[in-house]
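Listed below are the residues making up each chain.
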Amino acid sequence: MFSVKVIFFAVFAFLAANVIAAGTTVRFNCVGKWYQKDAHGKKTVKREPKNYQTEVADIKVMDEFVKDFGTWSNGDFSCKKSRHGDNLYNVETNHVGETKADATNQVSEMQRIINAHKNDKVE
């Protein structure tokens, strides 16, 4: 009986250590924008959404992350916490690209900034 308790405790300790070390999963809704012309030449703004998920070491960092996102992108993008879920953030461009490729590049740049700053320490 004692060996069963020891094995149970060892498995529990292993799983707890993995959960603590894994960090917190954070999801981002990244949206780039681009102009599309219709048959009459009228431009309409289209959205290029992409969901992105990553791990952060400490969820407390995310409040500062949201505040500083515009600075890191030189005002090109904005970030805000979503009302529709825990650990869900909306990142959107402040400029509309001319082509769909521009919108895709905007989303790639958003993901680059997220990866570069997701684990910055809060002073």
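Details of the structure are given in the entry above.
Conventions and cut-offs
Residues numbered from 1 in each chain as written. Predicted model: local features only at pLDDT ≥ 70, side-chain atom pairs only at ≥ 80, totals over all residues. Heavy atoms only, no water. Pairing = 2+ DSSP bridges. Helix = DSSP H or I, 4+ residues; strand = E, 2+ residues; numbered from the N terminus. Axes fitted to C-alpha atoms, helices over the stretch in contact; angles between N-to-C directions. Contact = heavy atoms within 4.5 Å. Phe/Tyr/Trp six-rings, centres within 6.5 Å; stacked < 30°, edge-to-face > 60°. Buried < 20%, exposed > 50% of the residue type's maximum accessible area, 1.4 Å probe, protein only. Lys NZ or Arg CZ within 6 Å of the ring centre and 35° of its normal.

Enquirer: Mind showing me how you'd approach the sheet that holds strand β3 (residues 77–81) here?
Expert: Sheets are built from strands that pair by backbone hydrogen bonding, the pairs being arranged parallel or antiparallel. Sheet architecture is open: four strands sit in the order β2-β1-β4-β3, paired in mixed fashion. Two strands in the sheet have a free side with no partner beyond their single neighbour: β2 (43–56) and β3. Put simply, the sheet's adjacent strands are angled 20° from each other on average, direction ignored. Across five bridges, the pairing between strand β1 (residues 24–37) and strand β4 (residues 88–93) is parallel. Bridging from a neighbouring strand, Val31 pairs with Glu92 of β4. Across the sheet, helix α2 (residues 61–72) touches β1, β2, β3 and β4, and the angle it forms with β3 is around 155°. Packing against the sheet, helix α3 (residues 100–117) makes contact with β1, β2, β3 and β4, and its axis sits at approximately 160° to β1.

Enquirer: Help me understand the pairing of β3, please; the structure alone is not making it clear to me.
Expert: If a strand is regular, its side chains alternate between the two faces of the sheet. Note that β3 and β4 share five bridges and pair antiparallel. Within β4, the position partnered with Lys81 by the bridge is Tyr89. Adjacent in sequence and paired antiparallel, β3 and β4 are bridged by six residues, among which Asn87 carries a positive phi angle near 55°.

Enquirer: I would appreciate a short explanation of the packing of aromatic side chains in the present structure.
Expert: Two aromatic rings, taken as a pair, are described by how far apart their centres are and by the angle between their planes. Under the defined criterion, the tally for this structure stands at four aromatic pairs. With a centroid separation of 5.8 Å and an interplanar angle of 50°, the aromatic rings of Phe28 and Phe65 are classed as tilted. A residue pair is termed long-range when its members are at least 10 positions apart, and Phe28 in strand β1 and Phe65 in helix α2 qualify at 37 residues. Phe65 matches Phe28 in its accessibility class, with the two residues each being buried. Ring geometry for Phe65 against Phe69: centres 5.5 Å apart, planes inclined by 55°, an arrangement best described as tilted. Of the two residues, Phe65 and Phe69 both sit in helix α2, four residues apart, roughly one turn of that helix. Take Phe65: its relative accessible area is 1%, and that puts it in the buried class. Each member of the aromatic cluster is reached from another via a ring pair, and the members are Phe28, Phe65, Phe69, Trp72 and Tyr89. It is Lys81 that lies over the ring of Tyr89; its NZ or CZ is 5.0 Å from the centre.

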